[in-house]
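# A look at the structure
Take a look at the letters that make up each chain.
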Amino acid sequence: MLRKSIARMTARALGIVTLSAALALGLNALRPGGLPLLEAAQQSIVAEAVSGGEISIQDAALLLLSNRAVFLDARSVGEYVAGHIKGALSVPVEDYEGAKGQIKAAAAGKEAVITYCDGMFCPLGQELADLIRTDGIENVRVLKNGWELWTHENLPVSTGPNP
Amino acid sequence: MSERHLLCLLRLVLGGVFIYASWDKLLHPADFAEIIRAYRILPAVLVNPAAIVLPWLELVLGVLLVANRWADGALLLADLLLVTFWSALAFNYARGLNVHCGCFSTKAVAEGDMGWYLIRDGAFVLLGLAAMFLHLRAARRSPQPDSAPAGALTA
């Protein structure tokens, strides 16, 4: 008898768990302000740190060091050769069409694409970012005044024609 | 007081505790999720599902215990939950992590007094185990037909 009632108790307990979970998940999906079911402990800084499509130097540096972003240098090839963010690809805005395939390949598996230029008033980073966004690549951010900030903070750089 | 009456009383008390405990968490799932996260026991992906499901499970358990429907299964789950919650508290107490209990309220007001939580929740654990003990004794003594669940007040 005891064994039988323990078996029944267990079966009912499982039933209650199933019922409650179905009720909870169903109502959570319906109620306004329900919790997202799957959410990492922290939002990635890629999603968090952006306002107006820009990214801060801290976040950009973090993404470079953790190898989670592709950097695109929107300046002229000459400036790129003289010095660029380590690993960045040279993509002057006028060469964008030709570099499209290369950018897409490089962005695969990364969390963000970060464009940069030099100086507060250089529009090239923003222009390049706009072009990339219209081609459907997500998480494109502009590092405003990127080169100056980057070198000022002694972050990793390379010289020459290669990334 | 007969054992049957005592079991019935324990059932009502535990049911009431669970219903009361579920309410604030049902209303504020996001706050409850923060509290679960602060316990630093569940992996991050399980925090939100736990914050969603646990309050409903508590409410359903409480209602079943009070209404005496499937009360044996509800009692088993209630005991498992009580022991789990208490262990989680004790674990954090032992490693010096002062967590907000999140037992009855999701308001992260004053620092929780862990000692008090441990004693209070420990008492609930004892009540739950006592109820289970009485239930199993009754089940062993009398073959229970399905229509007379645990602690039924039918003589």
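Residues numbered from 1 in each chain as written. Chains lettered and ligands numbered in written order. Predicted model: local features only at pLDDT ≥ 70, side-chain atom pairs only at ≥ 80, totals over all residues.

## Structural notes on the overall build of chain A
- When you go through chain A residue by residue, the secondary structure sums to 7 helices and 6 strands.
- Of the regular secondary structure in chain A, the N- to C-terminal order runs α-α-α-β-α-β-β-α-β-α-β-α-β.
- Within the span of chain A, comprising 163 residues, buried residues form 29% of the whole.
- For chain A, the proportion of contacts with a sequence separation of at least 24, taken over those separated by at least 6, is 64%. (Helix = DSSP H or I, 4+ residues; strand = E, 2+ residues; numbered from the N terminus. Buried ≥ 20, exposed ≤ 12 C-beta atoms within 10 Å, placed from the backbone. Contact = placed C-beta atoms within 7 Å.)

## Comments concerning the confidence of the model for chain B
- Predicted confidence across chain B gives a mean pLDDT of 87, with 88% of residues reaching 70 or more.
- Here the prediction assigns the complex a pTM of 0.65, and the interface score ipTM is 0.86. (pLDDT = per-residue confidence, 0-100.)

## A short note on the interface of chain A and chain B
- Counting residues at the interface gives 25 residues for chain A and 27 residues for chain B.
- Considering only residue class, the side of chain A that touches chain B consists of 17 nonpolar, 5 polar and 3 charged. (Nonpolar A, V, L, I, M, F, W, Y, C, P; charged D, E, K, R; others polar.)

## What to know about the pairing of strand β4 (residues 112–116) of chain A
Residue and element names in this part refer to chain A.
- For β4, the tally of buried residues reaches 5 of 5 residues, placing the bulk of the element in the interior.
- Direction of pairing for strand β1 (residues 69–73) relative to β4: parallel, over a ladder of 5 bridges. Among the inter-strand pairings, F71 is bridged to a residue of β4, identified as I114.
- Here β4 pairs with strand β5 (residues 140–143) via 4 bridges, running parallel. In the strand pairing of β5, I114 is matched with R141. (Pairing = 2+ DSSP bridges.)

## Thoughts on unusual backbone geometry
Residues and elements named next belong to chain B.
- In this model, R40 sits at a positive phi of 55°, which is unusual for a non-glycine residue.
- Topologically, R40 is positioned in the loop between α2 (29–39) and α3 (44–67).
- A positive phi is found at N68, a non-glycine position, where the angle reads about 60°.
- By the secondary structure assignment, N68 is in the loop between α3 and α4 (71–94).
- Look at N68 and you get partly exposed, because 19 C-beta atoms sit within 10 Å.

## Looking at the confidence of the model for chain A
- With 91% of its residues at a pLDDT of 70 or more, chain A has an overall mean of 89.
- Model confidence for chain A, summarised as mean pLDDT per element, is weakest for helix α2 (residues 45–48) of chain A at 59 and strongest for strand β2 (residues 84–85) of chain A at 96.

## Here's the deal with the nonpolar core
- Core analysis: the largest hydrophobic core is formed by 42 residues, its most contacted members being I16 of chain A together with L61, L64, L65, A74 and A78 of chain B.
- Listing elements by their share of this core, those giving two or more residues are α1 (2–30) of chain A together with α1 (3–27), α2, α3, α4 and α5 (114–141) of chain B.
- Looking at this core element by element, the count peaks at 11 residues for α3 of chain B.
- In contact with A78 of chain B, other than residues within four places in its own chain, are L14, F18, L61, L65 and G128 of chain B. (Core = buried A, V, L, I, M, F, W, Y, C linked by C-beta atoms within 7 Å.)

## Regarding the sheet that holds strand β3 (residues 89–90) of chain A
- If you trace the 4 strands from one edge of the open sheet to the other, you get β3-β1-β4-β5 (chain A), paired in parallel fashion. Both outer strands of the open sheet, β3 and β5 of chain A, are each paired with one neighbouring strand and no more.

## A short note on α5 of chain B
- Helix length check: α5 of chain B, at 28 residues, gives a terminal C-alpha distance of 40 Å against a target of 40 Å (1.5 Å per residue), a fit within 8%.
- The inward-facing, buried residues of α5 of chain B contact α1 of chain A together with α1 and α4 of chain B. (Expected span 1.5 Å × (residues − 1).)

## Some details on the packing of α4 of chain B against α5 of chain B
Residue and element names in this part refer to chain B.
- Packing of α4 against α5 leaves a shortest axis separation of 9 Å and a crossing angle of 155°. By the angle between their directions, the pair α4 and α5 is classed as roughly antiparallel. Crossing of α4 against α5: the hand is left-handed. Taken together, the residues of α5 that come into contact with α4 (itself represented by D72, L75, A78, D79, L82, V83, F85, W86, L89, A90 and Y93) are M114, Y117, L118, D121, G122, F124, V125, G128, L129, A131, M132 and H135. (Axes fitted to C-alpha atoms, helices over the stretch in contact; angles between N-to-C directions. Parallel < 35°, antiparallel > 145°, perpendicular 65-115°, else oblique. Left-handed = near helix turned anticlockwise from the far one by under 90°.)

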